[in-house]
Amino acid sequence: MLRYRKVETYQRLWRLRSFKQHATLPEHILDCPECGLRVDVPQLLQGQECSCPRCGYRLARVEANPFLAPLCFAVGALIIMAVVYTQMFITVEMPGVGVYSALSFPEMVKTLILQDFGILAEIMFILTFGTPLLFLLLCTYVFTALHLQTHVPALLYATRTMVRLREWIMVDVFFISTLVAYIKLRSVALVTFGPSFWLMLIFAILLIRTSVSVPQHWVYYQIHRLIGRSPIEPPDDSRNICCSRCHYFRPVEEQECGVCGTSLFTRRPKSLSVSGAFLLAAIILYIPANTFPIMISSNPTALEISTIMSGIIYMWEDGDRLIAVIIFSASIVVPILKIVSMAVLILSARFGLPASIKKMSVAYRITESIGRWSMIDIFVIIILMSAFHTPMARVLPGPAAIYFCLVVLLTMLSAHFFDSRLLWDKYRQDQTDLSRLKHAHE
């Protein structure tokens, strides 16, 4: 009975600590960053969220356990990460040829550097290790301060960096790439997964859950509440601008938002020009990315030079149809669809919408979210390079690998700099012109 009462007491203390009154988000007004609609956000309690009634964009959310959940997820992910990046990831063995590769993440990065492919090593290191590590450390720092209700040095700058890093974490993409590489490797070699591989799935899930549990609108409110000032201001179109990142109104005189530090604007300056420039560069580089060799395989008796399409055709004819479909989807379908979609969005915002505004808005969200998965092909090449780097069996990236990396990054930047509110502005303008035309005919 005494033990039961102790457990019950701990549970009550947990609830009291987790469900504080100041964890709620007060009632306030903001402009939707996707369609520009001014929305009255009600007071949000823990576990509640609010979405834009017009476009469906999620405006604000409070985590069910907002102070401890992100901290626990981040610490758990850091512990798993320490094991993932120090233990064996995968072993590849070809007994008849004498090829044996025991790969860990440091070993893969080392192999890329020794083969003078430092740029691929940097891409892999940043997207699968550097960015996740920095994000988790900053998340631990920020939410420890929030949990203890203590203002610590550089808390606001740590928060600003933390919420920006979430877009550049690709551990989940690398895990799927490993499965694709395994399907390709198992026909020619004996492949064994180490403990690092199995823990990477847990690590990827924890990373996603940590990222989801950091609603930046609520976090910025809590940070400024600790500092001693509230970011919530009444809207005034002549004196205030609603920041497109943190969603708080700021004085029009500010060049950078005083809440989150991003550039302050009603609409992103030269959005269509900047987004179009990145897209045009991606289109130009996509040509050599598909015509130049992307992978060169060699052994003492044969040399195979593959472009993206020739490699897909070879895998399809060789019976690896699943991997052929995956590579075709990630390397051909996704980049082309993203390029076409971004081109349609940019032209629509300038000249007029070819479909309903809600469909165009959904198209933008999908386009923005799928671009990162095109990195599957690059990560597969990195894994194959690390597995086969001896004279008996060797895999090297061709020049197309660099071009393809640049295409992925440029299309992501094109989507990032596109201001979707311009679509809604054009829609309202077209509706106004149509209404005036009807009145003129009447």
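Residues numbered from 1 in each chain as written. Predicted model: local features only at pLDDT ≥ 70, side-chain atom pairs only at ≥ 80, totals over all residues. Heavy atoms only, no water.

Asks: Looking at this structure, how should I read the overall build of the chain?
Replies: Along the chain, the regular secondary structure elements total 15 helices and 13 strands. Each principal axis of the C-alpha atoms in the chain carries an extent, and together these give about 85 × 75 × 35 Å. Residues counted as buried form 49% of the 442 residues belonging to the chain. Considering only intrachain contacts with a sequence separation of at least 6, the fraction spanning at least 24 residues in the chain is 69%. Approximately 20900 Å² of the chain is accessible, and the part contributed by carbon and sulfur atoms is 64%. Of the side-chain charges in the chain, 39 are positive and 30 negative, and the distance between the mean point of each set is 7 Å. (Helix = DSSP H or I, 4+ residues; strand = E, 2+ residues; numbered from the N terminus. Buried < 20%, exposed > 50% of the residue type's maximum accessible area, 1.4 Å probe, protein only. Contact = heavy atoms within 4.5 Å. Areas by Shrake-Rupley, 256 points an atom, 1.4 Å probe, with all protein chains shown as cover. Lys, Arg positive; Asp, Glu negative; His and termini not counted. Charge placed at Lys NZ, Arg CZ, Asp CG, Glu CD.)

Asks: Looking at this structure, I do not really get the environment of arginine 250. What am I missing?
Replies: Along the chain, the position of arginine 250 falls in strand 9 (residues 249-251). Among the residues examined, arginine 250 registers a relative accessible area of 12% and is labelled buried. Contacts of arginine 250, omitting those with residues within four sequence positions, involve Pro231, Glu233, Arg239, Asn240, Ile241, Cys257, Gly258, Val259 and Leu264. Here the side chain of arginine 250 touches glutamate 254 through a polar contact of 2.9 Å, side chain to side chain. (Polar contact = N/O pair within 3.5 Å; in protein donor to acceptor, adjacent residues only side chain to side chain.)

Asks: What is the right way to look at the UniProt feature "transmembrane region" (unreviewed entry) in the chain in this model?
Replies: Summarizing the sequence annotation, UniProt attributes the feature "transmembrane region" (unreviewed entry) to residues 67-90, 117-144, 165-183, 272-289, 322-349, 370-388 and 400-418 in the numbering used throughout. Here residues 67-90 is 71% helix and 4% strand, with 37 Å between the C-alpha atoms at its ends. From the first C-alpha to the last, residues 272-289 spans 25 Å; its make-up is 100% helix and 0% strand. (UniProt positions renumbered as here; feature names shortened; annotations may be inferred.)

Asks: I'm lost on the pattern of salt bridges in this one. Help?
Replies: Side chains carrying opposite charge are able to pair once their charged atoms draw close together. Applying the stated criterion to the full structure yields ten salt bridges. With its nearest N and O atoms 2.6 Å apart, the salt bridge here joins glutamate 63 to arginine 209. Here arginine 209 lies in helix 7 (residues 195-212) and glutamate 63 lies in the loop between strand 4 (58-61) and helix 2 (68-84), a separation of 146 residues in the sequence. Of the charged contacts, one joins arginine 250 and glutamate 254 as a salt bridge, the two residues approaching to 2.9 Å between their closest N and O atoms. Accessibility expressed as a relative area gives 22% for glutamate 254, which makes it partly exposed. (Salt bridge = Lys/Arg side-chain N within 4 Å of Asp/Glu carboxyl O.)

Asks: Would you mind showing me how to read the packing of helix 4 (residues 118-148) against helix 8 (residues 216-227) here?
Replies: Helix-helix packing is described using two parameters, namely the angle between the two axes and the distance between the axes. Closest axis-to-axis distance for the helix 4/helix 8 pair is 11 Å, and the angle between their directions is 55°. One element, helix 4, and the other, helix 8, form an angle in the oblique class. Here the hand of the crossing between helix 4 and helix 8 comes out left-handed. Each of Val142, Phe143, Ala145 and Leu146 in helix 4 lies in contact with helix 8, whose residues at this interface are Trp218, Val219, Gln222, Ile223 and Leu226. Grouping the constituent residues of the contact of helix 4 with helix 8 by class yields eight nonpolar, one polar and no charged. (Axes fitted to C-alpha atoms, helices over the stretch in contact; angles between N-to-C directions. Parallel < 35°, antiparallel > 145°, perpendicular 65-115°, else oblique. Left-handed = near helix turned anticlockwise from the far one by under 90°. Nonpolar A, V, L, I, M, F, W, Y, C, P; charged D, E, K, R; others polar.)

Asks: Whenever I open this one, helix 14 (residues 399-417) confuses me. Can you help?
Replies: Since the α-helix packs 3.6 residues into each turn, any two residues three or four apart lie on the same face. The end-to-end C-alpha distance of helix 14 is 28 Å, a good match for the 27 Å that 19 residues give at a rise of 1.5 Å each. What helix 14 keeps buried is the set Ala400, Ala401, Phe404, Cys405, Val407, Val408, Leu410, Thr411, Met412, Ser414 and Ala415. (Expected span 1.5 Å × (residues − 1).)

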